[in-house]
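Structural features, examined
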Amino acid sequence: MASHYVVRHVDRAAPDTVAVLRDAGVATVHEAAGRTGLLGPAIQARQSGTVIAGSAITVSCPPGDNLMIHAAVEVCRAGDVLVVTTTSPSTDGMFGDLLATSLRARGVLGLVIDAGVRDIATLRKMGFPVWSRAVHAQGTVKASPGSVNVPVVADGQIIRPGDIVVADDDGVLAVPATSGAEVAAAAATRLAAETGKRAKLAAGTLGVDLYQLRPLLAALGVQYVDRLPS
Ligand SMILES: O=C([O-])CC(=O)C(=O)O
Ligand SMILES: [Mg+2]
């Protein structure tokens, strides 16, 4: 029989590093991390305008069974993000407002789930943010074993316990806790550069000049003409 574990200890990143990544947001952190760590686009924000960053508590469940989500709640701490996956594809509504209430009582910031959620109106009213593959009322059982705090894969991306998960309207990204400080520094540099670029673009400077793209366009054989040659 396969082994199943609930791992209690997770090495979490420093809160100030996590805060920098949250303030930078998914797109900037993705660039700062060398375009690594991004989950696929099937996992979408189910609310608008919320950004979170926190330490991943990971859950691997059999499809259609949320027993291990209940087991995971106990090992969550304030500032964590729960990441739930299934061992084969499922869109069942494994998570709803009762589990969200339980997670909130432990200070969990939100949920990323490669499966379905339900009670979405209540979740939105509560302000408990979720990123999920589906919204579906289909209920699940509590019957089969799985694991908490083992590496999981969510929409093509490996997420390890303690990874810094950043999630906003653009998607979800995981940064290894050990790379957090380096990625945060790169993100801060990018944000500063973007502030300068934004001011220039707002003043009417063209991207082709700002990024010095005219020589590239010429080298690629792109010709500027007043009318299409007949
Ligand atoms: O109880 C469940 O199985 C999932 C759910 O709807 C909730 O957490 O409210
Ligand atoms: Mg419910």
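Structural notes, computed from the coordinates. (Residues numbered from 1 in each chain as written. Chains lettered and ligands numbered in written order. Predicted model: local features only at pLDDT ≥ 70, side-chain atom pairs only at ≥ 80, totals over all residues. Heavy atoms only, no water.)

Overview of the state of the cysteines
As used here, a disulfide is simply a covalent bond connecting the sulfur atoms of two cysteines. Selection rule: The disulfide definition used here is simple: a pair of cysteine sulfur atoms within 2.5 Å. Burial here depends on accessible area, computed with a 1.4 Å probe over protein chains only, as a share of the maximum for the residue type. Under 20% is buried, over 50% is exposed, and the range in between is partly exposed.
Here the structure, examined in full by the defined rule, presents zero disulfides. The thiol of cysteine 61 is unpaired, and the distance to the nearest cysteine sulfur, on cysteine 76, comes to 12 Å. Take cysteine 76: its relative accessible area is 2%, and that puts it in the buried class.

Considering the environment of histidine 9
Here is the rule: The secondary structure listing takes helices from DSSP runs of H or I that are at least 4 residues long and strands from runs of E that are at least 2 residues long, numbered from the N terminus. Whenever a nitrogen or oxygen atom comes within 3.5 Å of another N or O atom, the pair is scored as a polar contact, on the condition that within protein one atom can donate a hydrogen and the other can accept it, and that pairs from neighbouring residues in sequence are kept only if both atoms are in side chains.
Here histidine 9 is to be found in the segment before helix H1 (15-24). The exposure class of histidine 9 is exposed, given its relative accessible area of 56%. Residues histidine 9 and glycine 162, 153 residues apart in the sequence, show an inter-C-alpha distance of 9.4 Å. A distance of 2.8 Å separates polar atoms of two side chains, one belonging to histidine 9 and the other to aspartate 11.

Examining the site of ligand 1
Here is the rule: Working definition: residue near molecule or strand if any one of its non-hydrogen atoms lies within 4 Å of it. Here the Shrake-Rupley method, with its probe set to 1.4 Å, supplies the accessible areas, and only the displayed protein chains count as covering residues. Amino acid classes used here: Ala, Val, Leu, Ile, Met, Phe, Trp, Tyr, Cys and Pro are nonpolar; Asp, Glu, Lys and Arg are charged; the rest, including Gly, are polar.
With respect to spatial proximity, the complete set of residues near ligand 1 consists of Asn66, Met94, Gly96, Asp97, Leu98, Leu99, Arg118, Asp119 and Lys142. Between ligand 1 and the protein, one listed contact pairs an oxygen atom with a side-chain N or O atom of asparagine 66 at 3.0 Å. In the environment of ligand 1, an oxygen atom lies 3.1 Å from a nitrogen or oxygen atom belonging to the backbone of glycine 96. Burial of ligand 1 by the surrounding chains reaches 89%, relative to a free accessible area of 260 Å². Residues belonging to the shell around ligand 1 are distributed by class as follows: three nonpolar, two polar and four charged.

Honestly, it's all geometry; don't read function into it.
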